[in-house]
Amino acid sequence: MSQYIERYQRRKLISSYFSVALSIALVLFLLGVLGLLVLNTKKLADHFKEQITISVFLKDSAKPVEIDQLQKSLALAEYTKSAEYISKEDAAEQYSEDIGENFEEFLGYNPLKNSIDVNLKADFVSPQQIDEIAEELAAKAYVDEVSYDKPLISLLNNNARKISLWILVASAIFTVIAFLLINSSIRLSIYSKRFIIKTMQMVGATKTFIRRPFIWTNIKLGMVGAVVALIGLGVLVYYIDKNFPELNLLQDYMVLIILFVSVFSLGVIISWASTHFATQRFLNLRTDDLYY
């Protein structure tokens, strides 16, 4: 009978530890995902900004040497990420594929112009800077027109600022929620041992002596939960990097180190703080209050 009770208590203890570690792992994983988003907000915004294209349409009278010089000067400009020359023939072929029919046969001629598509670096994607670049390019005698989507640029910049702000707010809220969830799991675990805590206190054990094993046990559970969360986070980062290589997540070692260290540290710190306050609460309770 005593062996059965002992096995039952052991299974109950293991189940309690497992639930606490799993709760910590899930909460830290979600917090890590949010942290990954926070640390890469600018990179995501920059990625979308660098998809903005300025199309420099050239006059039919433009000489090949002028076109070549313009393309080379644009490629070397500080604001350029890439500059690609597109001939009117290539443009007509692409446009025909897009609409599903050969418009040249209908019109009898090719109305499109030779152009250079310029993708800017993210730091230069703002309405003011793009206007200045467009005016400079339009001033050239062999440039017919400079075209870009002005409303999209303004919308992109405004949304990037709003999203960054809301992500920071969400991060703060989720950090508080993470603390509360982990704190609740640990408090429930310690609640089942409240009579043991009070018994130890009644026989003369100091508060520090009583707290120590609980704190150390839950710190280890916090470490286990953090490691599980980091494994899940590592798999997620690998998946994102494999499917969206342009974000270069695995190449940014410093961001990943900061993220992983922060998640692990949070697991330890929250576990320590929650255990400390939970045991302190039961240490300060009167014996009669333990039954409620």
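The sections below set out a description of the structure shown in this document. (Residues numbered from 1 in each chain as written. Predicted model: local features only at pLDDT ≥ 70, side-chain atom pairs only at ≥ 80, totals over all residues. Heavy atoms only, no water.)

## Structural notes on the overall build of the protein
- When helices and strands are tallied, the protein shows ten helices and four strands.
- Ordered by position from the N terminus, the helices and strands of the protein form the series α-α-β-α-β-α-α-β-α-β-α-α-α-α.
- A buried classification covers 37% of the 292 residues belonging to the protein.
- The contacts of the protein with a sequence gap of at least 6 include a subset with a gap of at least 24, amounting to 81%.
- Only carbon and sulfur atoms are counted for the fraction: they give 63% of the accessible area of the protein, which is about 18000 Å². (Helix = DSSP H or I, 4+ residues; strand = E, 2+ residues; numbered from the N terminus. Buried < 20%, exposed > 50% of the residue type's maximum accessible area, 1.4 Å probe, protein only. Contact = heavy atoms within 4.5 Å. Areas by Shrake-Rupley, 256 points an atom, 1.4 Å probe, with all protein chains shown as cover.)

## Looking at the sheet that holds strand E4 (residues 143-147)
- The strand order E2-E3-E1-E4 describes an open sheet built from four strands, whose pairing is antiparallel. The sheet is open, and its two borders are formed by strand E2 (80-86) and E4, each paired with just one other strand. The sheet shows a mean angle of 20° between the axes of neighbouring strands, taken without regard to direction.
- Pairing of strand E1 (residues 53-58) with E4, which is carried by four bridges, proceeds in the antiparallel orientation. Bridged to leucine 58 within E4 is valine 143. (Pairing = 2+ DSSP bridges. Axes fitted to C-alpha atoms, helices over the stretch in contact; angles between N-to-C directions.)

## Quick notes on the pattern of salt bridges
- Scanning the model with the defined rule gives two salt bridges in all.
- Salt-bridge contacts for glutamate 50 lead to lysine 81; the nearest nitrogen and oxygen are separated by 3.5 Å. One end of the pair, glutamate 50, is in the loop between helix H2 (41-49) and E1; the other, lysine 81, is in strand E2, with 31 residues separating them in the sequence.
- Here lysine 72 ties to aspartate 68 by a salt bridge, and the two come within 3.3 Å at their closest N and O atoms. With lysine 72 and aspartate 68 both in helix H3 (residues 64-76) and four residues apart, this pair spans about one turn of that helix.
- Given a relative accessible area of 52%, lysine 72 falls into the exposed group. (Salt bridge = Lys/Arg side-chain N within 4 Å of Asp/Glu carboxyl O.)

## So, the environment of alanine 77
- Secondary-structure assignment places alanine 77 in the loop between H3 and E2.
- Overall, the relative accessible area of 16% leaves alanine 77 in the buried class.
- A sequence separation of 43 residues divides alanine 77 from leucine 120, and the C-alpha atoms of the two residues are 9.6 Å apart.

Just geometry here; none of it tells us what the structure is for.
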